[in-house]
Amino acid sequence: MIVVLIGFVIIAFPVFAMQKAISLMSILTLAAVTALGPLFVFLFQIVEGRVDYAPAKMTVLMIYFAGAILAAYGGPPRSEGKIVGT
């Protein structure tokens, strides 16, 4: 029973909290935050010592990040019209 409670606290509660936070965010903000993932993984791996810093890797990550941000925020504005169902 103790293992189940520990699992609930360590796994279930953070997942629930993350789902609640995502439901309160705009889609564009969520896309921008998600685009930061590979960059943060690379930076954490450098700090940890798993990977060596390489300018080519950082350049590719910056291009990816810039493209993801442009795709999220630079697209056409959303139409506010109602969709009529058939």
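Keep in mind the model is a prediction, meaning the values are calculated, not measured.

## A word on the packing of aromatic side chains
Move 1: For the structure on display, the rule yields two aromatic pairs.
Move 2: Where Phe40 meets Phe44, the ring centres are 6.1 Å apart and the plane angle is 25°; that geometry is what we call stacked. With Phe40 and Phe44 both in helix H3 (residues 37-48) and four residues apart, this pair spans about one turn of that helix.

## Here's the deal with a nonpolar patch on the surface
Move 1: Residues Ile2, Ile6, Phe8, Val9, Ile10, Ile11 and Val15 make up a contiguous nonpolar surface patch of roughly 720 Å² in combined accessible area.
Move 2: Tracing the sequence through the fold places Ile6 in helix H1 (residues 2-24).
Move 3: Given the relative accessible area of 45%, Ile6 is considered partly exposed.

## Some words on the packing of H3 against helix H4 (residues 55-73)
Move 1: Between H3 and H4, the least distance of the axes is 9 Å, while the angle of their chain directions is 155°. Here H4 runs roughly antiparallel to H3, going by the angle between their axes. Considering how the two elements wind past one another, H3 and H4 form a crossing that is left-handed. Contact with H3, carried on its side by Pro38, Leu39, Phe42 and Leu43, involves Lys57, Met58, Leu61 and Tyr64 of H4 and no other residues of that element.
Move 2: Residue composition of the contact of H3 with H4, grouped by class: seven nonpolar, no polar and one charged.

## Digging into the environment of Lys57
Move 1: Within the secondary structure, Lys57 sits in helix H4.
Move 2: Among the residues examined, Lys57 registers a relative accessible area of 37% and is labelled partly exposed.
Move 3: For the pair Lys57 and Leu39, spaced 18 residues apart in the sequence, the C-alpha separation amounts to 9.8 Å.
Move 4: Not counting residues up to four positions away in its chain, the partners in contact with Lys57 are Phe42, Val51 and Asp52.

## Considerations on the confidence of the model for the protein chain
Low pLDDT marks regions whose predicted coordinates should not be analysed in detail.
Move 1: Averaged over every residue, the pLDDT of the protein chain is 79; residues scoring 70 or more account for 86%.
Move 2: Looking over the protein chain, one finds the lowest element-wise mean pLDDT in helix H2 (residues 27-35), namely 78, and the highest in H1, namely 86.

## Some details on H1
Move 1: For H1, which comprises 23 residues, the first-to-last C-alpha distance of 32 Å matches the rise-based estimate of 33 Å (1.5 Å per residue) to within 8%.
Move 2: Bending of H1 peaks at approximately 35° at the position of Phe8.

## What to know about the packing of H2 against H4
Two measures define how a pair of helices packs: the angle their axes make with one another and the distance between the axes.
Move 1: Running from amino to carboxyl end, H2 crosses H4 at an angle of 175°, the nearest separation of the two axes being 9 Å. One way to sum up the angle between H2 and H4 is to call them roughly antiparallel. Between H2 and H4, the contacting residues are Leu28, Thr29, Ala31, Ala32 and Ala35 on the first element and Tyr64, Phe65, Ala68, Ile69, Ala72 and Tyr73 on the second.
Move 2: The residue makeup of the contact of H2 with H4, split by class, is ten nonpolar, one polar and no charged.

How each quantity is defined
- Residues numbered from 1 in each chain as written.
- Predicted model: local features only at pLDDT ≥ 70, side-chain atom pairs only at ≥ 80, totals over all residues.
- Heavy atoms only, no water.
- Phe/Tyr/Trp six-rings, centres within 6.5 Å; stacked < 30°, edge-to-face > 60°.
- Helix = DSSP H or I, 4+ residues; strand = E, 2+ residues; numbered from the N terminus.
- Patch = residues over 30% accessible without salt bridge, like charges linked within 9 Å, V, L, I, M, F, W, Y side chains within 5 Å.
- Areas by Shrake-Rupley, 256 points an atom, 1.4 Å probe, with all protein chains shown as cover.
- Salt bridge = Lys/Arg side-chain N within 4 Å of Asp/Glu carboxyl O.
- Buried < 20%, exposed > 50% of the residue type's maximum accessible area, 1.4 Å probe, protein only.
- Axes fitted to C-alpha atoms, helices over the stretch in contact; angles between N-to-C directions.
- Parallel < 35°, antiparallel > 145°, perpendicular 65-115°, else oblique.
- Left-handed = near helix turned anticlockwise from the far one by under 90°.
- Contact = heavy atoms within 4.5 Å.
- Nonpolar A, V, L, I, M, F, W, Y, C, P; charged D, E, K, R; others polar.
- pLDDT = per-residue confidence, 0-100.
- Expected span 1.5 Å × (residues − 1).
- Bend = angle between axes of the 7 residues up to and from the residue.

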